[in-house]
Amino acid sequence: MSGFTMPSATLLAQSILSGVFVGALYGLLGLGLSLSWGLLRLINLAHFAFAFLAAYLCYQMAQVGVDPLLALLIIVPMFFAIGAGLHWGMMKFQITPFNSLLITFGLTGIVEALIQTIWTADYRKLESSYGEHNFKLAGLYVPLPELITLGLAASLSFAVWAVLRYTDLGKALRASAEDAAVAAAFGINQRRNALLLAGACSALASIAGVCLALGFTLAPSQIYAWIGVVFAAVMLGGLGRALAPLIAGVVIGVSEAVAMAVTAPSWAPLVSFTLLIAILLFRPGRAA
Amino acid sequence: MNKTIVSRRFTLLATLVGFCGLAIAQTPSGAPIRIGSTLALTGPLSATAQVHKIVGEIYVEQANKRGGWLGRPLEWIVKDDQSKPDLARTLYEQLVTVDKVDLLMGPYATGAILSAMGVAQRYDKVLVHHTFGIPSLAKYERAFPAWSLGSDPANTVPNTLFDALAAGPKPPKTVAVVTSKFPSIQFMSAGAREVLKKRGLTEVLFLEWDFGNRDFGPIANRIKDAKPDFVFVGAIGLDGNLLLDAMKKIDYVPPQHFYLYPSPAPLVTLPEAKNALSVTIFEEQQPFLNNVGAAEFVKLFRERATAAKLADPSVEVQAAASYTAWQILEAGVKATNGLDDKAIAAWLKANRVDTIQGRLRFDGTGNYGDDLMRIKQVQNGKWTVVYPKEFTAGGATLQAN
C-alpha cells in the first residue's frame, strides 16, 4: 500500500487545489526574499523569522479580539520599519551578500528565542471566524483562510510586478541592481530606494506571517521547516522577479500534493528539491 | 482532682515529647543525597519537560518532609539540556565527574535518555528513566523504565487497542494506518500493521510523513478517499490536531480514530477530537487513584501545574511516569539501605515496586515488565479510560462517531 496508487479523480482534484493553496503561501513567503536577494543582493534568512514573529503578533492580537486581517494595519507598518532599520544597519557596516546570510541566520535564532520566551515552545493555533468558513465548489472543499492567502499572494505579486515594471521607483530599483554605479550617475537615490525596498520586503514577510497564522499551527521551531521549500521556489523562479516566486511556488505545491496523493507524504520534499536541482542543472543561468 | 491535673499534665508533656520526637525523626540531617539529572528546560521539548520538573520538585519536597532517604535530605541537581541529546550526554558526564552526584535520574525524552544511558553505563550508575519509547534500545542492565509499556509494545499495545475495538460498538473491518516517521512512533505503527493483518483486518491505506510535517491536507484527502472503518494515527505531539484540522477542512469525520502519543491537552480540547482514542498508564480516575501515593500526588500536581500555568494541570502519562521514576529509585535506596548502584540495580531486578501506576517488575527484556497501557477516549471533553473494563470508571464504554 505504500507504493504508487492510482488516486480517484476527486482525490486528485482536491490534492491539486491544496497544492495551489500551499504553493501560493510559498510564493508569498518567497516574494520578499526574492526581491531582497535579487535587487538588494542580500540573502535575508531573517525573512522567515519576521514572518513567524508577525504570525505570533497576529495570534496575540486575536486573543484580545482583533480581526487577523485588521491586524495587518498594525503589523505591516511595524515590519516595514524593522526591515528598513535592519537594512540601514547592513548598509552602515557594508555587509557583503555572504555575510548577510550569516548575520540574518543569527538574527533568526534570536527571533526564535524571543518567540519561545514570550509564547513558549508550545504549539499555538489562531482560532478565527475565517477558519469556520469552508465552501464547496464543483465538489471540492475550499477553505476560506487558504483562499485569502491565494488572493493576497496573487494581488501582491501582481502589484509588485506592476511597480517594478511601470513606475520610476521600480525602474530605479532594477537599474540599481543591474549597475549601481551607472544608476547613481543618473541621479538615482539608491540609499533611499534600498531602504524602501528592504522595508517592503519585511512588510511582505509579515503579510505572509498573517496568512501562516490563519491556516497553520505555530511553533517557534517551525521557522526552519519553511526555509528549504521557499528557497527552492525563489531559486526556481529566478531572483528579483515579482511573479516568478508565485508561479514556482504553485508548481512546487502542486507537485508535492500530487506526489502525496499517488505515493506517500514523505516523498513530497524529494519532489520539490528534485525539481530545483533539475532546473539548476539544465538552466543554470536562471538563478545567477 | 490533683491526680487528674497531674494526669492531664503528664499526657500533655508526653504528647509534646511525642511531637518533638516525631519532628526530629522527620527532619533529615547530614550531608544531602545529591541526585543529578538533566531536563529539556528550553528548546522544542521544554513544554513537556516542565511537567517533569514540577514532578521532581514535588517528589523531593515530599521525600524531605517524610525524613529524606536514609535520614539524609535530598538535593536534586537539574541541568538544562536544551532539548539536545548531545548536550545531555555532556551534562551527565559533568554530573558524575564534576558535580559528583550520588545518584542519577533520567532526562526527558527518548534521545536524551539514550545519551544519558551511555554515560550511566560508562560509570556503572543506575538510571531510572521516565518515558523511553523504544525498549529494544534499552541495552544497559542498570537502566530501569518508569513507563510501563512492556518489552514488546509494538505487539502488545496494538493488540490491546484492537481488542478494545473488537469489544466496541463498531468492530472495524478496514483500517488506515498513517504515521509519523519519528523513531519511537514508526516501529509501533509497523507493529499495528502486523497485528491488524494477523487479526484478518484489511489495511486500506498506509502513509508515512517526516517529523515536523507542515501540511496534513493531502493526508486527510487520502484517508477520506480510502473510506476506512478505523484510522490508526502514529501521532506525536500535535500531529493529531493538525490532521483533524485538515479533516475538518474537507468535511470528513473518521468513524473511529486513534492517536498514539498526542499532546494530551491540545487534543482533548479540540471539538473534532470527539471519541478519539489513545493510550495511557494513568488517569485521574478510579482505580488509578487507589495506587500508592496517587491521590496526594494528583492534588499537589494540580496546584503546582496551575500555578505554573501549564496548559493541562491533570496527571496523565508524562507526570505519572515521572513520579513513578522517583518512586522506583526511592524503593531501591531504602531496600538496600544505601547508595550503591550495583546493590540498587540487583534489588530492583529481583523485586517489585508499588507505584502510582501499580505494582511494577523489572525482570523482562531491557528490564521492562508488564505492558500496563490502557485505552482512553475523549468523551465529553475529557480523557476517559474505556478499556480494559476493570480500569474504567462510571460504566464508561468505547464510543464510535
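For clarity, every value in this text was computed on a predicted model and none was experimentally measured. The residue numbers shown here count from 1 along each chain, following its written sequence. To read the labels, note that chains go from A and ligands from 1, taken in the order they are written. Given that this is a predicted model, residues contribute local features only at a pLDDT of at least 70 and side-chain atom pairs are listed and counted only at 80 or more, while totals for whole chains, interfaces and linings are drawn from all residues. Values reported for side chains reflect all heavy atoms of the structure, with hydrogen atoms and water molecules removed beforehand.

Draft legend 1. Summary view of the nonpolar core. Residues and elements named next belong to chain B. Among buried residues, those of type Ala, Val, Leu, Ile, Met, Phe, Trp, Tyr and Cys that are joined through side-chain atoms within 4.5 Å constitute a nonpolar core. The rule is simple: take the accessible area with a 1.4 Å probe, protein chains only, and divide by the maximum for that residue type; under 20% is buried, over 50% is exposed, in between is partly exposed. In this structure, Trp69 and Phe301 are the most contacted members of the largest nonpolar core, which totals 101 residues. Think of it this way: any DSSP run of H or I at least four residues long counts as a helix, any run of E at least two long counts as a strand, and we number them from the N terminus. A per-element tally of this core places helix H11 (residues 317–336) first, with eleven residues. Setting aside residues up to four positions removed in sequence, Phe301 forms contacts with Val51, Ile54, Val55, Ile58, Thr306, Leu310, Pro313, Ser314, Val315 and Ala319. Every residue pair with non-hydrogen atoms within 4.5 Å of one another is taken to be in contact.

Draft legend 2. Fine view of the sheet that holds strand E10 (residues 276–280) of chain B. Residue and element names in this part refer to chain B. Strand pairing is assigned whenever DSSP detects at least two bridges linking the two strands. The seven strands lie next to each other as E7-E6-E8-E9-E10-E13-E14, forming an open sheet whose pairing is mixed. Each end of this open sheet is capped by a strand with a single partner; those strands are strand E7 (202–209) and strand E14 (382–387). Direction aside, the axes of adjacent strands within the sheet are offset by 25° on average. When strand E13 (residues 374–379) meets E14, the two strands line up antiparallel, connected through five bridges. Residue pairing in the sheet places Ile375 in a bridge with Tyr387 of E14. For helices, the axis comes from a line fit to the C-alpha atoms of the stretch in contact; other axes are also lines fit to C-alpha atoms, and the angle between any two N-to-C directions lies between 0 and 180 degrees. Relative to the sheet, helix H6 (residues 183–198) contacts strand E6 (174–180), E7, strand E8 (230–237) and strand E9 (257–262), its axis offset from that of E6 by approximately 165°. The strands touched by helix H7 (residues 217–226) are E6, E7 and E8; relative to E7, the strand with the most contacts, the crossing angle is about 175°.

Draft legend 3. Quick peek at the sheet that holds strand E1 (residues 33–39) of chain B. All names here are of chain B. The strand order across the open sheet formed by five strands is E2-E1-E3-E4-E5, and the pairing between neighbours is parallel. Looking along the sheet, the strands with just one partner apiece sit at the ends: strand E2 (74–80) and strand E5 (143–145). Neighbour-to-neighbour, the strand axes of the sheet open up by a mean angle of 25°, direction not taken into account. Packing of helix H3 (residues 85–97) onto the sheet brings it into contact with E1, E2, strand E3 (103–105) and strand E4 (127–129), and relative to E1 it is tilted by some 170°.

Draft legend 4. Representation of the confidence of the model for chain B. Residues and elements named next belong to chain B. Taken over all residues, the pLDDT of chain B has a mean of 90, while the share at 70 or more is 93%. Per residue, pLDDT measures the predictor's confidence, with a range of 0 to 100. Within chain B, the element-level pLDDT minimum falls on helix H1 (residues 2–26), averaging 51, and the maximum on E3, averaging 98. Predicted confidence for residues 1–6 stays below pLDDT 50, and this span has zero contacts to residues more than four positions away or in other chains. Predicted confidence for residues 19–25 stays below pLDDT 50, and this span has one contact to residues more than four positions away or in other chains. Model confidence for the complex: the whole-complex pTM is 0.80, and ipTM, which rates the interface, is 0.73.

Draft legend 5. Summary view of the pairing of E1 of chain B. Residues and elements named next belong to chain B. By the criterion of burial, E1 is predominantly enclosed, with six of the seven residues buried. Taken together, the seven bridges between E1 and E2 define a ladder with parallel strand orientation. Of the residues in E2, the one forming a bridge with Arg34 is Glu75. Sheet topology places E1 next to E3; two bridges connect them, and they run parallel. The residue of E3 that forms the bridge with Gly36 is Leu104.

Draft legend 6. Looking closely at the packing of helix H2 (residues 46–63) of chain A against helix H3 (residues 68–92) of chain A. Residue and element names in this part refer to chain A. Two elements in contact, H2 and H3, have axes whose closest approach is 10 Å; the angle formed by their N-to-C orientations is 145°. Along this stretch, H2 crosses H3, giving a crossing that reads as right-handed. Touching Phe50, Leu53, Ala54, Leu57, Cys58 and Met61 of H2 are Pro68, Ala71, Ile74, Ile75, Met78, Phe79, Ile82 and Leu86, all from H3. Residues are grouped as follows: nonpolar covers Ala, Val, Leu, Ile, Met, Phe, Trp, Tyr, Cys and Pro; charged covers Asp, Glu, Lys and Arg; every other residue, Gly included, is treated as polar. The residue makeup of the contact of H2 with H3, split by class, is 14 nonpolar, no polar and no charged. Should the near helix be turned anticlockwise from the far one by less than a right angle, the crossing is termed left-handed; should it be turned clockwise, right-handed.

Draft legend 7. Representation of the packing of H11 of chain B against helix H12 (residues 341–350) of chain B within the structure. All names here are of chain B. At their nearest, the axes of H11 and H12 sit 9 Å apart, and the two run at 110° to each other. Comparing their axes, H12 and H11 come out roughly perpendicular. In this structure, H11 contributes Ile328, Ala331, Gly332, Val333, Ala335 and Thr336 to the contact, and H12 contributes Ala343, Ile344, Trp347 and Leu348. Class assignment for the residues of the contact of H11 with H12 results in eight nonpolar, two polar and no charged. By the definition adopted for this analysis, an angle is roughly parallel if under 35 degrees, roughly antiparallel if over 145, roughly perpendicular if from 65 to 115, and oblique otherwise.

Draft legend 8. A look at the pairing of strand E1 (residues 134–137) of chain A. Where E1 of chain A lies against strand E2 (residues 140–143) of chain A, four bridges are found, and the strand directions are antiparallel. Within E2 of chain A, the residue paired with Phe135 of chain A across the bridge is Val142 of chain A.

Draft legend 9. Looking closely at the interface of chain A and chain B. Contact with chain A, which involves 37 residues of that partner, is made by 30 residues of chain B. Buried surface area refers to the total accessible area, computed with a probe of radius 1.4 Å, that the two partners give up upon joining, counted for both partners together. When chain A packs against chain B, close to 2700 Å² is buried across both sides, 54% of that on carbon and sulfur atoms. For this analysis, a salt bridge means a side-chain nitrogen from Lys or Arg found within 4 Å of a carboxyl oxygen belonging to Asp or Glu. Counting across the interface, chain A meets chain B through one salt bridge. Here Glu146 of chain A and Lys249 of chain B are joined by a salt bridge, their closest N and O atoms 2.6 Å apart. Of all the elements in the fold, those that place two or more residues in the side of chain A that touches chain B are helix H1 (9–39), E2 and helix H10 (244–262) of chain A. A total of six residues in the side of chain A that touches chain B trace back to one element, the largest contributor, which is H1 of chain A. Considered class by class, the residues forming the side of chain A that touches chain B number 18 nonpolar, 14 polar and five charged.

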